[in-house]
Amino acid sequence: MKETERNNSIIYLDHAATAPLRPEALNAMLPYLTEKYGNASAIYSIGSAARDAISECRRQIASLIGAKSQEIYFTSGGTESDNWALKMTAEKLDAGKKAGEKHACRGHIITTQIEHHAVLNSCRTLEKNGFEITRLPVNAQGFVNPEDVEAAIRPDTVLISVMAANNEIGTVEPLRPIGEIARRHGIWFHTDAVQAFGHIPIDVEKMHIDFLSASAHKIGGPKGVGLMYMRRGIELPSLMDGGGQERGHRAGTENVAGIVGFTKAAVLAFQNMESGREYTEKLRNHLIERVLNEIPGSHLNGPDPCPGSRTAENAMENRLLRLPNNANFRFDGLNNETMLVMLDLKGVCASGASACSAGSLEPSHVLKAVGLSGEQALSSLRFTAGTDNTLEQIDRAADILIKVTEHLRKTGRG
Ligand SMILES: *Cc1c(COP(=O)(O)O)cnc(C)c1O
């Protein structure tokens, strides 16, 4: 098969790993990759055109999450923003201490066992440098209990970092109650909102968020660009040393085209949030129904996606409990790598765990945290739909998955 034919028949169900670039985002970017190539720091007019474009993007993005323009900083993506929030919070508070106060533990950070590796590995680095980390457990659906957050607070706690929504099982965490606890105790609150941004409403004021990470390529923007929201008055030092870009807080020549494409994708995602949610939820629910009904020994990992569950965990906010596009299954006795290879041969793109650990045989830390055994975790697959998918594709993917599991069971391979 020619590569183009193959691409046409691909059923892409891995939108949590990356989403296809929206054509509107590409079109918005093109002028900044061609005739409008000026450096945003330059005096001449093609430079100021780039500068003006970035200012307008900052204004538009800020308004989407209840922030002010000057609280938005563009970065190279979710990973950089997470590193910045974790490492520079620690740095800033440590630097503020008097020499005598710097004892064995330099500060305490509260996070969870199910964070993305950008947060978890930043914490590991901080730990090596003398900070203490509490990694809170989650329940069987992946929810963090706000009471556990409060109970973990110590006099030397400097930061609480809890993700807005989990990338593997789609659990939407109770941000507002956690933000209220952080505020009450005078502790900074960071959220990795890479999976939530553009999919569910976020308001940095109502949720008492001090730092927030988001990424363009998970919502139909280009790869390699993202943002950090930092509450006014508590700006962190720059993670990168260099020029005075982003008002001295993030050195490096601005990725003008990336920022423009990110903003276009974000505005579209927020404008169409409700219809996008309904659409992907319908596709996702159809997949769940077919898989659970037609594949023996299949189970859903993560929160109950039925609409009735929307109010169960937190009636006050009537919030969504699972990302609308996420399904994560495990199949008794089958191996996820084998299944992924066979699905790929049939043109279905899914994921075994987080993409970052693809290629390794490590069971997912998220699935282990929700109580699965290593073997169960290694029999799990994630499917994440997008608005570019069709119901017909979901049916084809379900048919293929049914055949693949039947075949593997019949041949005794797993
Ligand atoms: C993808 C992802 C990241 C990393 O973002 P990049 O822009 O790819 O660096 C961080 N956190 C979560 C939850 C993610 O899903």
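Residues numbered from 1 in each chain as written. Predicted model: local features only at pLDDT ≥ 70, side-chain atom pairs only at ≥ 80, totals over all residues. Heavy atoms only, no water.

Colleague: Now, about the environment of Ala-193: what can you tell me, with residues and values included?
Modeller: Turning to its location among the elements, Ala-193 is positioned in the loop between strand 6 (188–192) and strand 7 (211–215). Those residues within four positions of Ala-193 in sequence are excluded, and the remaining contacts are Ala-164, Ile-202, Leu-212 and Ser-213. (Helix = DSSP H or I, 4+ residues; strand = E, 2+ residues; numbered from the N terminus. Contact = heavy atoms within 4.5 Å.)

Colleague: Give me the lowdown on the packing of helix 10 (residues 273–294) against helix 14 (residues 391–410), citing residues and values where you can.
Modeller: Two numbers describe how helix 10 lies on helix 14: the axes approach to 10 Å, and their chain directions differ by 25°. Considering the angle they form, helix 10 stands roughly parallel to helix 14. Here helix 10 runs over helix 14; the crossing is right-handed. Seen from helix 10, the contacting residues are Tyr-279, Leu-283, His-286, Leu-287, Arg-290, Val-291 and Glu-294; seen from helix 14, they are Leu-391, Ile-394, Asp-395, Ala-398, Asp-399, Leu-401 and Ile-402. Of the residues that constitute the contact of helix 10 with helix 14, the class distribution is nine nonpolar, one polar and four charged. (Axes fitted to C-alpha atoms, helices over the stretch in contact; angles between N-to-C directions. Parallel < 35°, antiparallel > 145°, perpendicular 65-115°, else oblique. Left-handed = near helix turned anticlockwise from the far one by under 90°. Nonpolar A, V, L, I, M, F, W, Y, C, P; charged D, E, K, R; others polar.)

Colleague: Go over the site of the ligand, please, and point to the residues and values.
Modeller: Of all residues adjacent to the ligand, which total 13 residues, the nearest are Thr-79, Asp-192, Gln-195, Ser-215 and Lys-218. Taking Gly-78, its main chain carries an N or O atom lying 2.9 Å from an oxygen atom of the ligand. In the environment of the ligand, an oxygen atom lies 2.6 Å from a nitrogen or oxygen atom belonging to the side chain of Thr-79. Here the shell around the ligand takes three residues from helix 4 (residues 78–96), the largest share from any one element. Looking at the shell around the ligand, its residues break down into two nonpolar, eight polar and three charged. (Near = heavy atom within 4 Å. Polar contact = N/O pair within 3.5 Å; in protein donor to acceptor, adjacent residues only side chain to side chain.)

Colleague: Tell me about the packing of helix 11 (residues 336–345) against helix 14, and name the residues and values.
Modeller: Contact pair helix 11 / helix 14: the axes reach a minimum separation of 10 Å and the direction vectors enclose 130°. What the angle tells us is that helix 11 and helix 14 run oblique. Like other packed secondary-structure pairs, helix 11 and helix 14 cross with a definite hand, here right-handed. Contacts from Thr-338, Met-339, Met-342 and Leu-343 of helix 11 reach helix 14 at Ile-400, Leu-401, Val-404, Thr-405, His-407 and Leu-408. Among the residues forming the contact of helix 11 with helix 14, the class breakdown is seven nonpolar, three polar and no charged.

Colleague: Please give an account of the sheet that holds strand 5 (residues 157–161) that cites residues and values.
Modeller: Spatially, 2-8-7-6-5-3-4 is the arrangement adopted by the seven strands of the open sheet, whose pairing is mixed. Of all strands in the sheet, those with a lone pairing partner are strand 2 (72–75) and strand 4 (132–136), marking the two edges. Shown here is a sheet whose adjacent strand axes are inclined to one another by a mean of 20°, direction ignored. In terms of strand pairing, strand 6 meets strand 7 through three bridges, oriented parallel. Considered in strand 7, the bridge of Asp-192 is made with Ser-213. Where helix 7 (residues 175–185) meets the sheet, it contacts strand 5 and strand 6, and its direction lies at approximately 155° from that of strand 6. (Pairing = 2+ DSSP bridges.)

Colleague: Report on the side chain of Asn-166, specifying residues and quantitative values.
Modeller: Structurally, Asn-166 is set in the loop between strand 5 and helix 7. Look at Asn-166 and you get buried, because its relative accessible area is 0%. Among the polar contacts listed, one links the side chain of Asn-166 to the backbone nitrogen of Glu-168, at a separation of 2.7 Å. Excluding residues within four positions of it along the chain, Asn-166 makes contact with Ile-114, Thr-171, Gln-195, Leu-323 and Val-366. (Buried < 20%, exposed > 50% of the residue type's maximum accessible area, 1.4 Å probe, protein only.)

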